[in-house]
Amino acid sequence: MLRYGRDILLCGLAMLALAAPLRAAGPRDAGPEPGIEVLLHERAGELHGKRIGLVTNMTGVDRELRSDIDLLAARKDFRLVALYGPEHGVRGDVQAGGHVDSSRDAATGLPVYSLYGKTREPTAEMLDGVDVLLFDIQDVGARYYTYPYTLANVLRAAKKRGIPVWVLDRPNPLGGEKVEGPVLDPEFSSFVGMFPIPVRHGMTIGELATLFNDEFGIGAELAVVKMRGWHRGDAEPGGTMPWVPPSPNMPTRDTALVYPGTALIEGTNVSEGRGTTRPFETIGAPFVDARQLAARLNALGLPGVRFRPTWFTPSFSKHKDVPCGGVQLHVFDRDAFQPFRTGVALVKTLHDLYPRDFRFQSGLPGASPDFFDKLAGNAWLKQAIERGDPLDAIEARWQPALEAFRRQRRRHLLYP
């Protein structure tokens with residue numbers, strides 16, 4: 001009995017020892033210090049007496065998940081006077097592409113100006129009475145996401161009015177080292193790809209701001225409030241900072257990881273998983289044989305990922321309420337995984353397996369270019385898939401422009 005009692009005691013002490021570090025660690029010990037915290041702890045004096053406009057959404061929080069809106073509205077040394085909301089709105093309650101209305105914030109009573117409604121660039125009236133604009137929104141690291149282009153439009157409007165813009169930086173959830181995919185052809189510029197950058201750019205939102213401002217002729221008065229404790233090669237980009245979904249269909253970091261590739265599916269008649277609990281990780285359509293597709297994709301030996309046959313019924317968006325067969329992507333080696341190459345392989349395999357049913361989306365009637373081409377940033381990728389070009393040949397075609405971008409990008413990197 002004594003031996004058993006001693007064993008139980010030792011086991012209990014061991015469990016307490018393991019649990020102690022978990023209890024001791026608080027939110028402020030978790031991951032890099034984002035720009036909003038650096039601003040308030042070290043640079044708030046530079047805003048003394050200023051009237052502040054804030055471009056943000058639900059991702060604008062500190063490590064204790066306190067909203068920028070609340071943190072800034074509580075200050076007495078400067079005054080928050082206006083809010084500006086991107087796609088999905090300040091509170092993130094609007095689905096992709098949905099019109100966002102201007103309104104008043106229920107908590108603070110501040111005016112909320114929509115930058116995804118009647119206008120996507122702040123008007124002179126919206127900026128009246130603002131001395132400094134702060135921008136704090138979590139990006140996802142892919143060219144086809146609207147937040148970086150909201151930032152570009154804010155910079156343009158601020159330039160016209162002589163208003164400084166401060167970008168409060170946040171981690172790139174894909175890391176900051178790897179770049180991948182074709183550089184956008186300017187002829188295909190849109191609000192899902194405005195500038196000649198690749199699909200996976202490997203930059204933070206602050207670094208993108210300097211790139212846009214300096215290289216693409218904006219020329220606004222820009223300051224980036226850098227993070228503390230973030231490095232390009234971090235094994236887990238973003239560290240253990242809380243993940244706040246940047247949009248309704250970006251629920252986890254895993255979603256962000258696959259998104260640079262599987263978002264290409266949006267330009268086809270195949271479901272990208274909207275209306276499921278795993279958007280962009282779950283891909284399929286009513287005409288897909290799940291086992292056949294998974295077997296064909298796994299046979300390609302794509303690095304860092306396996307495909308599991310799955311069946312699902314989307315609750316909204318493409319094929320709403322219609323049973324679909326497809327695959328779920330399971331990334332087992334984050335470093336080896338190549339999201340854009342994987343996305344091209346997915347589209348190519350679907351095209352080759354189901355030629356009678358698979359279609360590229362043409363977008364709105366008479367619209368030009370096709371939506372798939374807007375996402376790809378060119379016309380040649382779709383043509384190469386339709387011709388049956390090998391995957392390696394397709395990838396080789398985007399390498400020269402990608403290498404030129406790497407050289408341009410180096411001038412704007414803010415972190416080691």
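In what follows, the structure referred to is the one given above.
The present account deals with the structure reproduced in this document. Predicted, not measured: the structure shown is a model, and the values here were computed from it.

### Considerations on the side chain of Asp389
With respect to the secondary-structure elements, Asp389 resides in the loop between helix 11 (380-387) and helix 12 (391-397). A distance of 2.7 Å separates the side chain of Asp389 from the side chain of Arg387, its partner in a polar contact. Ignoring anything within four residues of it in the chain, the contact list for Asp389 reads Lys348, Ala384 and Ile394.

### Observations concerning the sheet that holds strand 5 (residues 132-136)
Strand order across the open sheet formed by seven strands is 3-4-2-1-5-6-7, with mixed pairing between neighbours. Only two strands of the sheet have a single partner each, and these edge strands are strand 3 (103-104) and strand 7 (222-225). Relative to strand 2 (residues 79-85), strand 1 (residues 51-56) is paired through five bridges, and the arrangement is parallel. For Arg51, the partnering residue across the bridge sits in strand 2 and is Arg79. On top of the sheet, helix 6 (residues 205-215) reaches strand 5, strand 6 (165-168) and strand 7; it is set at about 165 degrees to strand 7, its chief contact.

### Things to note about the sheet that holds strand 10 (residues 324-331)
The pairing of strands in a sheet happens through backbone hydrogen bonds and is either parallel or antiparallel. Ordered by their spatial adjacency, three strands build an open sheet running 8-10-9, and the pairing between neighbours is antiparallel. Two strands in the sheet have a free side with no partner beyond their single neighbour: strand 8 (282-285) and strand 9 (305-312). If you compare each strand with its neighbour and ignore which way they point, the axes differ by 25 degrees on average. Where strand 8 and strand 10 come together, four bridges link them in antiparallel fashion. Among the inter-strand pairings, Ala285 is bridged to a residue of strand 10, identified as Gly325.

### Re the pattern of salt bridges
If you walk through the whole model with that rule in mind, you get 25 salt bridges. Between Arg228 and Glu33 there is a salt bridge, with its nearest N and O atoms 2.7 Å apart. Here Glu33 lies in the loop between helix 1 (2-24) and helix 2 (35-43) and Arg228 lies in the loop between strand 7 and helix 7 (253-262), a separation of 195 residues in the sequence. Using a relative accessible area of 39% as the deciding quantity, one classes Arg228 as partly exposed. Between Asp131 and Arg51 there is a salt bridge, with the nearest N and O atoms lying 3.0 Å from each other. Taken as a pair, Asp131 in the loop between helix 4 (124-127) and strand 5 and Arg51 in strand 1 lie far apart in primary sequence, 80 residues in all. Among the residues examined, Asp131 registers a relative accessible area of 25% and is labelled partly exposed.

So, how was this worked out
- Residues numbered from 1 in each chain as written.
- Predicted model: local features only at pLDDT ≥ 70, side-chain atom pairs only at ≥ 80, totals over all residues.
- Heavy atoms only, no water.
- Helix = DSSP H or I, 4+ residues; strand = E, 2+ residues; numbered from the N terminus.
- Polar contact = N/O pair within 3.5 Å; in protein donor to acceptor, adjacent residues only side chain to side chain.
- Contact = heavy atoms within 4.5 Å.
- Pairing = 2+ DSSP bridges.
- Axes fitted to C-alpha atoms, helices over the stretch in contact; angles between N-to-C directions.
- Salt bridge = Lys/Arg side-chain N within 4 Å of Asp/Glu carboxyl O.
- Buried < 20%, exposed > 50% of the residue type's maximum accessible area, 1.4 Å probe, protein only.

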